[in-house]
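Summary of structural features
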Amino acid sequence: MPKNAAASPGRPMRADARRNAEKIVAAAGELIAEHGADASLEEVARRAGVGSATLHRHFPSRQALLEAVFKDRVEALCATADELLGESDPGQALTTWLHAVGAHAVANRGLGASLMRDGDPALGETCHDLITAAGDTLLARARAAGAVRAGITIAPLLKLVGAIALATEQEIDGRAEADLLLSIAIDGVRTR
């Protein structure tokens, strides 16, 4: 069940209500990938096969729906970082993860900015903290292995990934363009 979906206090969500909430989050994710964070809520409801009232019952605001879509994806990025900690090449593990972050940012056009712009930024900050911590762990491991120049920190790396995603999200193949630009930028991060 999406973490932000409304349920009556003290009562678990009925199975049909939980399925509707899951369909809404899935439809919203697809539409955000296609049209950005300002995708029509009516189209989200239509694609999910539910009425507008059902959508608003589960997600009373655009912010609540965006948070449900965004949080699950950030958790997936963090899980990817955890998996990559087992890789034998720490530099490659960091590079792989930064590419995953870039793909996430391109696929979720305008989502991060919308979360910070439209409401309480607490979730955006929490997600930012999760991503920063995951990246910092991979970066520390790469630095210890001598794969990354001294003085490189995760904050500018994530800003770089975000800037590349923003610059390429409107491209026909934004993900490929972002991958190429990120590869070029990462060459500047590696030790010589």
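Above this note sits the structure.
Residues numbered from 1 in each chain as written. Predicted model: local features only at pLDDT ≥ 70, side-chain atom pairs only at ≥ 80, totals over all residues. Heavy atoms only, no water.

Of all hydrophobic cores here, the largest spans 30 residues; its most connected members are Leu-94, Trp-97, Leu-98, Leu-138, Leu-139, Val-148 and Leu-157. Of all the elements in the fold, those that place two or more residues in this core are helix 4 (62-84), helix 5 (90-107), helix 7 (122-144), helix 8 (154-168) and helix 9 (174-187). (Core = buried A, V, L, I, M, F, W, Y, C linked by side-chain atoms within 4.5 Å. Buried < 20%, exposed > 50% of the residue type's maximum accessible area, 1.4 Å probe, protein only. Helix = DSSP H or I, 4+ residues; strand = E, 2+ residues; numbered from the N terminus.)

For helix 8, built from 15 residues, the straight-helix expectation of 21 Å at 1.5 Å per residue is met to within 8% by its first-to-last C-alpha distance of 21 Å. For helix 8, the set of buried residues is Ile-154, Leu-157, Leu-158, Val-161, Ile-164, Ala-165 and Thr-168. Within helix 8, the buried residues cover an arc of 125° as seen down the axis, which keeps them to one side. For helix 8, the exposed residues lying more than 90 degrees away from the buried face are Lys-159, Leu-166 and Ala-167. (Expected span 1.5 Å × (residues − 1). Arc of directions from axis to C-beta.)

This paragraph deals with empty space enclosed by the protein. Rolling a probe over the atoms, with the probe sized like a water molecule, indicates the empty space that remains. Summed over all chains, the structure comprises 3 cavities of 30 Å³ or more. In this structure, the largest cavity encloses a volume near 60 Å³. Considering every element that reaches the lining of the largest cavity, the biggest residue donor is helix 5, with 4 residues. Considering only enclosed or pocket space, the second largest cavity measures out at about 50 Å³ in volume. Secondary-structure elements contributing two or more residues to the lining of the second largest cavity are helix 1 (15-35), helix 2 (41-48) and helix 4. Residue contributions to the lining of the second largest cavity peak at 3 residues, all from helix 4. In terms of residue class, the lining of the second largest cavity is made up of 8 nonpolar, no polar and 1 charged. (1 Å grid on protein atoms, 1.4 Å probe; cavity = no way out; pocket = protein on both sides within 12 Å on 5 of 7 lines; lining within 4 Å. Points joined across faces, edges and corners; volume = space filled by probe spheres on them. Nonpolar A, V, L, I, M, F, W, Y, C, P; charged D, E, K, R; others polar.)

What the rule picks out here adds up to 5 salt bridges. With a closest N to O distance of 3.4 Å, Glu-30 and Arg-47 form a salt bridge. Placement of the pair is Glu-30 in helix 1 and Arg-47 in helix 2, with a sequence separation of 17 residues. Taking relative accessible area as the criterion, Glu-30 reaches 42% and is therefore assigned partly exposed. In this structure, Arg-47 engages Glu-34 in a salt bridge whose closest nitrogen and oxygen atoms are separated by 2.9 Å. Pair noted here: Arg-47 is in helix 2 and Glu-34 is in helix 1, with a separation of 13 residues, a long-range link. A residue is classified by how much of its surface remains accessible, and Glu-34, at 39% relative accessible area, is partly exposed. Put simply, Glu-30, Glu-34 and Arg-47 are held in one network by salt bridges that share partners. (Salt bridge = Lys/Arg side-chain N within 4 Å of Asp/Glu carboxyl O.)

Within the element layout of this structure, Thr-168 appears in helix 8. Thr-168 gets classed as buried once you look at its relative accessible area, which sits at 1%. Ignoring any residue separated from it by four or fewer positions in sequence, one finds Thr-168 in contact with Val-106, Gly-174, Glu-177, Ala-178 and Leu-181. (Contact = heavy atoms within 4.5 Å.)

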